[in-house]
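Results of the structural survey
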Amino acid sequence: MNISTRMPGRRRVRDKSEDLPSRNFTASPAGTRAAAGQKFMKRIYRLIVSACFLGCGSVAFAQTSVDTTSVLRKDMPLDSVQVIKEAVIVGAPAEHRYREVIPAQTLKEEELQRLNSFSVADAIRYFSGVHLKDYGGVGGLKTVNIRSMGTNHMAVFYDGIQLGNAQNGQVDLGRFSLDDVEEISLYNGQKSDIFQSAKDFGASGTIYITTRRPRFEKGRNANFKATMKTGSFGLINPSIRSEYKISDAVSASFSGEWVNATGKYKFRYRRRNTLGEIVYDTTAVRHNGDINATRLEAALHGVMSEGRWTVRAYSYNSERGIPGAIVNNVFRNGERLWDTNSFIQGTFTNRWTQKFRSLVNAKYAADYTHYENQDAKLIQTKNTYRQKELYASCANLYNILDNWEVSLSYDFQWNTLDATFYMPAESDGTFPYPTRYTQMAALATAFEWGRFKGQASVLGCFVHEKVKRFEARPDKAVATPAFFLSYKPFRRQDLSLRAFYKRMFRMPTFNDLYYTDMGNAFLKPEYAEQFNIGLKYTKDYRNMSVLRTVDASVDAYYNHITDKIIAYPKGQQFRWTMLNLGEVDIKGVDVALNTALAFGEVEATARLQYTYQEAIDVTDPADTYYRDQIPYIPWHSGSAVLSLFYKGWGLNYSFIYTGERYNQQENIPRNHTQPWYTSDLSLQKSFVIRTRTLKLTAEINNLLGQDYDVVLNYPMPKTNFRFVTSFNF
């Protein structure tokens, strides 16, 4: 955990939400819960649960009327069920339309394979309005921040079910490989489909990672893909994926990979004085950035006459070094981290009548984290944390009219956190062992009237916590609304105007509430209000000789954060407490342009993104940093991806730019961080050998060898290489 040194005579306030995973915990005094509040919560719970079970009961009744023997007709072609696009629900009724009001930013499988991206985190950098916090190297922690609202306001969904971390609210996107990913989508506000779980309504921004669903060519019952990646930092990364057609209605998939790297790379270290002048300049080698990790996934996929289902098991195990910050000429670090993240999840969706559909999700997750500090000059630390999560969701959608539908969804989630420390006697008396029960209910409606589309929803969240020691935070009940609207002013032009308003909150994490000598059980949720207005234009020029497609969009937005959870010094250096003090105003503009061209047999695509953001602290006019840009948010950022294709060859150039920023709250020269940019280049060639495909890729990352830090004192690699060989058969 990195804590900024408090300057004499100044009150230092720091946002706790962006820290590295915390190491130690303890309890802090909490208030009592009112009996009247408990009665009110119980009544609300009963009402919501009854409504949900009523819907699920009708699902069970309708299920008895489904003729399971007629799932597949005898005259149906052998491969007709499996050849499905991911966005298509088998047997989806015409009455349910995907009324997209706010289109997503999307990267599909082909685009993902062309980008010089090692993980999901690397690919997300090409979305506008997104800032990635990368601590460097193959194994460095990577988290994402959307429109300056903080990591904890961003929800990440894996095949439709949210990835969680009740301990610190952060999801390391670096552990998700692109080998199995079919699509990554980013939504501001929320996904424009009301047929979803209550959790989908419960974030200020969402990332959806969709894995590949098996598809088989006619006459084939199995697919197999083997990939090998190697390159700089001692990288060895073999992976496999296999798909099997068990029957016309059921298929299975399995994937696995191993990542091993030394993580050593050269970097340039510069030390500056209080005036920002360079007083020390040298080249060093990054140490303790090694990683040894395995990922295993297995899934069963099924289709029915009116729906589909999937069951997936996931396991990720890693041991890695934590390189640490380069401060005061210290280039080595003794921190080590062991992680085991496992879950099993299932999703089921079906149409029961012409107007009624249901979606059921379930998940059980168990996470293990072991942290050690082996630095002989510091206090020896060995801490172990175990998280468990149980989640169930039921969503029901009903078509009132052809152009009007409503949905009701209910989610239940149970989280618990246990810990053991190097000194067991001490841990027995200081750790509270918290358990959180979360219930969420969402009521939503969507309509289409002429050239108008609209959606409205209200989300209710009810939280109850228990601790084995000390006293838990009071119960919390919060309701938040959202409104979305789009309009097409011209009948024959695909130009749309859109706007939305959403009020959202994020609950304090277990770290915020129970962190050692810092936790505050009385913390209120952190609220975010979002206002967005924009336009999107799409044009298909299929009849023209050169220009094929144009897709352009621009959005202006304003966000306001209240009750921001911050770490506040309470008198002694390195002694802090968590408080609701912060307020942030965020104004920004996102611009995106995608186009495709053709010059005979040569095809070209371009993807351009630009973001302007002003995110200022408006907490207290007496602060020296009042109305200063908050840390690590650049005013200007953007990316460009240019690709050329010719007879199986592919050339891809990608450019990412992040403008000047400040690494502390005060916008003074000493805290100024220079802009950085990277250029990446890749060359691909595909060979077709009968029914098999061999693909070779060579990548050069940071082509110009720029020295830069995404996070201060965490240097990124200079020019590095990667070679990829994949074989499909």
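Residues numbered from 1 in each chain as written. Predicted model: local features only at pLDDT ≥ 70, side-chain atom pairs only at ≥ 80, totals over all residues. Heavy atoms only, no water.

A separate point is the overall build of the protein chain. On a plain count of helices and strands, the protein chain comes out with 5 helices and 36 strands. Out of the 729 residues in the protein chain, the part that is buried amounts to 53%. (Helix = DSSP H or I, 4+ residues; strand = E, 2+ residues; numbered from the N terminus. Buried < 20%, exposed > 50% of the residue type's maximum accessible area, 1.4 Å probe, protein only.)

Within the largest apolar cluster, 59 residues are counted, with the highest numbers of intra-cluster contacts made by V120, I124, I184 and I207. If you tally residues by element for this core, the top one is helix α3 (residues 120-124), at 4 residues. Excluding residues within four positions of it along the chain, V120 makes contact with L173, F176, S177, L178, V181, I184 and I209. One finds F201, M440, L459 and M504 within the second-largest nonpolar core, a separate group that totals 19 residues. (Core = buried A, V, L, I, M, F, W, Y, C linked by side-chain atoms within 4.5 Å. Contact = heavy atoms within 4.5 Å.)

With respect to the helices and strands, the residue V589 is situated in strand β26 (residues 576-599). A relative accessible area of 28% means that V589 is categorised as partly exposed. C-alpha of V589 to C-alpha of Y610: the two residues are 21 residues apart in sequence and 8.1 Å apart in space. Non-local contacts of V589, meaning those with residues more than four positions away in its chain, are made with V554, D555, A556, Y557, Y610, T611 and Y612.

Before going further, it helps to examine the packing of aromatic side chains. Enumeration over the complete set of coordinates arrives at 20 aromatic pairs. On the basis of an interplanar angle of 20° and a centroid distance of 4.5 Å, the ring pair of W676 and Y708 is categorised as stacked. Highlighted residues: W676 in strand β32 (residues 676-689) and Y708 in the loop between β33 (692-701) and β34 (709-711), separated in sequence by 32 residues. What makes W676 buried here is its relative accessible area of 7%. These aromatic residues form a ring-pair network of at least three members: Y158, F176, Y314 and F343. Above the face of the F343 ring, K363 is positioned so that its terminal group lies 4.7 Å from the ring centre. Lying across the ring of Y433, K468 places its NZ or CZ 5.4 Å from the centre. (Phe/Tyr/Trp six-rings, centres within 6.5 Å; stacked < 30°, edge-to-face > 60°. Lys NZ or Arg CZ within 6 Å of the ring centre and 35° of its normal.)

Another aspect to go through is the environment of T658. Its location among the elements puts T658 in strand β29 (residues 649-658). Spatially, the C-alpha atom of T658 lies 6.5 Å from that of H636, the residues being 22 residues apart in sequence. Residues in contact with T658, not counting those within four places in the same chain, are P634, H636, S637, P675 and W676.

Looking now at a nonpolar patch on the surface. A cluster of nonpolar side chains, Y398, I400, L401, W404, F447, W449 and L485, forms an exposed patch at the surface whose accessible area comes to about 710 Å². Secondary structure elements with two or more residues in the nonpolar patch: β18 (381-401) and β20 (434-449). When residues of the nonpolar patch are assigned to their parent elements, the largest contribution, 3 residues, is made by β18. Along the chain, the position of W404 falls in strand β19 (residues 404-420). (Patch = residues over 30% accessible without salt bridge, like charges linked within 9 Å, V, L, I, M, F, W, Y side chains within 5 Å. Areas by Shrake-Rupley, 256 points an atom, 1.4 Å probe, with all protein chains shown as cover. Salt bridge = Lys/Arg side-chain N within 4 Å of Asp/Glu carboxyl O.)

On to the confidence of the model for the protein chain, then. Across the protein chain, pLDDT averages 80, with 80% of residues at or above 70. In the model, residues 1-45 has pLDDT below 50 throughout and makes 146 contacts with residues more than four positions away in sequence or in other chains. Across residues 47-96 the pLDDT falls below 50, and counting only partners more than four positions away or on other chains, this stretch makes 82 contacts in the model. (pLDDT = per-residue confidence, 0-100.)

Glancing now at the pairing of β32. One ladder, built from 10 bridges, connects β29 with β32; its direction is antiparallel. Within β32, the position partnered with Y657 by the bridge is Y677. Relative to β33, β32 is paired through 9 bridges, and the arrangement is antiparallel. Looking at the pairing, I689 lines up with R692 of β33. Counting the residues in the hairpin turn of β32 and β33 gives 2 residues, including R690, whose phi is positive at 55°. (Pairing = 2+ DSSP bridges.)

Bringing the sheet that holds strand β6 (residues 161-162) into the picture now. Pairing is mixed in the open sheet, where 5 strands are placed in the order β2-β7-β8-β5-β6. At either margin of the open sheet sits one strand with a lone partner, and together these are β2 (105-108) and β6. Judged from the 2 bridges that link them, strand β5 (residues 154-158) and β6 form a sheet pairing that is antiparallel. From the neighbouring strand, Y158 faces β6, where its bridge partner is I161.

Moving on: the environment of F224. Looking at the secondary structure, you find F224 in strand β9 (residues 222-231). Taking the relative accessible area as the measure of exposure, F224 reaches 27% and is therefore partly exposed. Ignoring sequence-local partners within four residues, the contact set of F224 consists of I240, R241, S242, F727, N728 and F729.

This paragraph deals with the pattern of salt bridges. In the structure shown here, the tally under the stated rule is 29 salt bridges. For K108, the salt bridge goes to E183, with nearest N and O atoms at 2.6 Å. Within this pair, whereas K108 is found in strand β2, its partner E183 is found in strand β7 (residues 181-188), the two being separated by 75 residues in sequence. Of the residues examined, K108 reaches a relative accessible area of 46% and is grouped as partly exposed.

The subject of this paragraph is the pairing of β9. As judged from the 10 bridges shared by β9 and strand β10 (residues 235-245), these two strands associate in the antiparallel manner. When the sheet's bridge partners are listed, T230 is paired in β10 with I236. Where β9 folds back on β10, the antiparallel hairpin that results is connected by 3 residues, among which F233 adopts a positive phi of roughly 65°. Relative to strand β36 (residues 720-728), β9 is paired through 7 bridges, and the arrangement is antiparallel. Looking across to β36, one finds that A226 is bridged to F727.

One non-glycine residue with positive phi stands out, namely R627, at about 65°. Following the sequence through the fold, R627 ends up in the loop between β27 (602-617) and β28 (636-646). Judged by its relative accessible area of 47%, R627 is partly exposed. The backbone of N713 sits at a positive phi, close to 70°, despite the residue not being glycine.

As for its position among the elements, D122 is in helix α3. No salt bridge is formed by the buried D122; its nearest oppositely charged neighbour, R125, is found at 4.4 Å. The contact partners of D122, leaving out residues within four places of it in the chain, are S117 and K142. (Lys, Arg positive; Asp, Glu negative; His and termini not counted.)

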